[in-house]
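Analysis of the macromolecular model
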Amino acid sequence: MPENLMGYIGVAITVIWFVGMLVWFFRRQYGPAKSVKATVVNKQVTESFSKYSATGKTNHYYVTFQIGSKRRSFKVSEFSYNGYHKGETGTLKFKGDRLIDFH
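Residues numbered from 1 in each chain as written. Predicted model: local features only at pLDDT ≥ 70, side-chain atom pairs only at ≥ 80, totals over all residues. Heavy atoms only, no water.

With that out of the way, let us pick up the pairing of strand β3 (residues 70–76). Pairing between strand β2 (residues 57–67) and β3: seven bridges, direction antiparallel. When the bridges of β3 are listed, Val63 appears paired with Phe74. (Pairing = 2+ DSSP bridges. Helix = DSSP H or I, 4+ residues; strand = E, 2+ residues; numbered from the N terminus.)

Our focus in this paragraph is the nonpolar core. Ranked by size, the top nonpolar core spans 13 residues in total, and within it Val63, Phe65, Tyr84, Leu92 and Phe102 carry the most contacts. Counting only elements with at least two residues in this core, the list comes to β1 (34–49), β2, β3 and β4 (89–95). Not counting the four nearest positions on each side in its chain, Phe102 is found in contact with Ala38, Val40, Phe65, Tyr84, Glu88, Thr89, Gly90, Thr91 and Leu92. (Core = buried A, V, L, I, M, F, W, Y, C linked by side-chain atoms within 4.5 Å. Buried < 20%, exposed > 50% of the residue type's maximum accessible area, 1.4 Å probe, protein only. Contact = heavy atoms within 4.5 Å.)

The strand order across the open sheet formed by five strands is β3-β2-β1-β4-β5, and the pairing between neighbours is antiparallel. In this open sheet, the two strands that pair with only one neighbour each are β3 and β5 (98–102). When strand polarity is set aside, the average angle formed by the axes of neighbouring strands in this sheet is 40°. (Axes fitted to C-alpha atoms, helices over the stretch in contact; angles between N-to-C directions.)

Here it is, written out as structure tokens:
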């Protein structure tokens, strides 16, 4: 029995991790959307390597919102990125880590 203890611990950790990933996925997909008052505090563009791009680089656009005392960042499209302005205040609607609407 003691010689299989590490195997049992490994299986238990794997099962716990898998269940945690399932819970995260279902909350993200089927959980309720939240609406809160928020302010745009930061915008940033990051560049990464992409073998599928003609230039070899891809840009990722992020907008950071201040919600009370917390900050949340969301990945947005290049087109909507230009529509956000620092200091802009409105109602933010999001679900998990996905931005739904800001107006």
